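Next come the chains, spelled out residue by residue.
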Amino acid sequence: MSTVRLIISRRPAPLFGTAAAIPLWLAAYVLLAAASAWIARDLLGLDPASPLGVAVEFFLYDVPKILLPLTAVIFVVGIVRSFFTPERTRALLGGRREGVGNVMAASLGVVTPFCSCSAVPLFLGFVESGVPLGVTFSFLIAAPMVNEVAVVMLLELFGPRVAGLYVATGLLIAITAGLAIGRLRLERFVAEWVYQVRMGQGGLQDECLTWDDRIRYAAQAVRDILGRVWPYVVVGIAVGAAIHGWMPEDLLAGVMGRDAWWTVPAAVLLGIPMYSNAAGVIPVVQALMAKGAALGTVLAFMMSVIALSLPEMIILRRVLKWQLIAVFVAVVGTGIVLVGYLFNATI
Amino acid sequence: MAEDKAVSVKVLGAGCANCERVEALVREAAAERQIDTIIEHVRDYQSILSYGVMATPGLVVEGKVRSAGRVPGKAEIATWLAKAAEAKA
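Residues numbered from 1 in each chain as written. Chains lettered and ligands numbered in written order. Predicted model: local features only at pLDDT ≥ 70, side-chain atom pairs only at ≥ 80, totals over all residues.

Peer 1: I keep staring at the overall build of chain B and nothing clicks. Help me out?
Peer 2: When helices and strands are tallied, chain B shows three helices and four strands. Element order for chain B, N to C, with α for helix and β for strand: β-α-β-α-β-β-α. Overall size of chain B, expressed as C-alpha extent along the three principal axes, is 30 × 20 × 15 Å. Counting all 89 residues of chain B, 45% fall into the buried class. Sequence-distant contacts, at least 24 apart, represent 67% of the contacts inside chain B between residues at least 6 apart. (Helix = DSSP H or I, 4+ residues; strand = E, 2+ residues; numbered from the N terminus. Buried ≥ 20, exposed ≤ 12 C-beta atoms within 10 Å, placed from the backbone. Contact = placed C-beta atoms within 7 Å.)

And the structure:
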């Protein structure tokens, strides 16, 4: 028993482990392009000009090119999130007026740890402490839409401009949709029992996280999120690579190009039943764009897949009547369609 | 061991994967340290909220919320269990 304790206490501190991981990470990132080309051309003997050669090299390069920064960013965001508990966010939003409240809720939605399985208790807690319904929705829209996985993938595959536009318009949709839902006075479409819920006192108190705790928390976030997301990244990039390699140029210009007005709403409708996260959609969307699809159409499709997901609606159905869910889909869907048109018109 | 000597543990969570993991970790920690525990998995939202917890999974040991919104480590859980068992003995 005592020997076991000794081993546990002698384990290197998380801080030390993080410091050791950084140079390894940098080396992998720097060597990536050369390594992927070497494997595809020399090791597998593929012609870099053939469709198969293009696809394999693209795949070998892009999977680590996304997973490496993803690891780093999830870790950093994990550290930031260890400072923002849902309880603190709730306290910040309680009694806040609409307007300011919506802006704050959307911003806090980005940094507060959120998983869709916590959506219901979070909703109950917000409503109980008097956070207005529209403000609560601003939070619930921003939290899944503007997340670190989507931002990193957009940054890597589309560059900083598109990533920035996505974050800005995502927040804008969350804020305005929340404002609209607040103005529509839809409180009667919240399940009655929600208003009977009383939040207990107590909760998590005197939890004082040390830096070691925060690093452990962030490391767990990396394991959790990366563990969930990597199959999507691999499949998404494989599909994207196939499109890059074999699909003829400009095939999609007619169907998903900017000339046909109906493509944006069609893309949004198509996205609702699709269940994937940013990790699976973004590589495919990038490949489609390379083949002539318009940015606005593609962005609208992506937002719809991420922000309007059936599983989350089914979870929220336990606290919201269907009318409110319908309004939610209509308001957010309209916002996404407008963003799509805006991008198609201006870029 | 008598029933009232057992440490009461409540895992708060409506059935997500992480909540199941916390429950499994509590079982392992209790078995390894040979601490008698009674584990209850609280899935009802009203009951979860009544502990003042909004982020699942939550872990309550002897009525005290020990963690919320994260999966604590097994060593951490074992420390909480041992402390509670000591206080009861």
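What follows picks up the thread again.
Peer 1: Is there a simple way to explain the pairing of strand β2 (residues 37-42) of chain B in this structure?
Peer 2: In regular strands, side chains alternate between the two faces of the sheet. All names here are of chain B. With six bridges joining them, strand β1 (residues 7-12) and β2 adopt parallel strand pairing. Bridge assignment links K10 to a residue of β2, and that residue is E40. What joins β1 to β2 is helix α1 (residues 17-33), and the crossover it makes is right-handed. (Pairing = 2+ DSSP bridges. Right-handed = clockwise from strand over helix to strand, strands pointing away.)

Peer 1: Teacher, can you tell me more about the interface of chain B and chain A here?
Peer 2: Reports of interface size often rely on the accessible area that becomes lost once the parts have come together. Each side of the interface is counted separately: chain B has 21 residues, and chain A has 24 residues. Here the side of chain B that touches chain A takes five residues from helix α2 (residues 45-50) of chain B, the largest share from any one element. Partitioning the side of chain B that touches chain A into residue classes produces 13 nonpolar, seven polar and one charged. (Nonpolar A, V, L, I, M, F, W, Y, C, P; charged D, E, K, R; others polar.)

Peer 1: Honestly, the packing of helix α3 (residues 51-81) of chain A against helix α8 (residues 148-158) of chain A in this entry has me stumped. Any pointers?
Peer 2: The description of two helices packed together rests on the angle between their axes and the distance between the axes. Residue and element names in this part refer to chain A. The geometry of α3 relative to α8 is characterised by a closest axis approach of 9 Å and an angle of 140° between their N-to-C directions. The pairing of α3 with α8 is recorded here as oblique in orientation. Two packed elements cross with a definite hand, and for α3 against α8 that hand is right-handed. Of α8, the residues touching α3 (which contributes K65, I66, P69, L70, V73, I74 and V77) are E148, V149, V152, M153 and E156. Split by residue class, the contact of α3 with α8 holds nine nonpolar, no polar and three charged. (Axes fitted to C-alpha atoms, helices over the stretch in contact; angles between N-to-C directions. Parallel < 35°, antiparallel > 145°, perpendicular 65-115°, else oblique. Left-handed = near helix turned anticlockwise from the far one by under 90°.)

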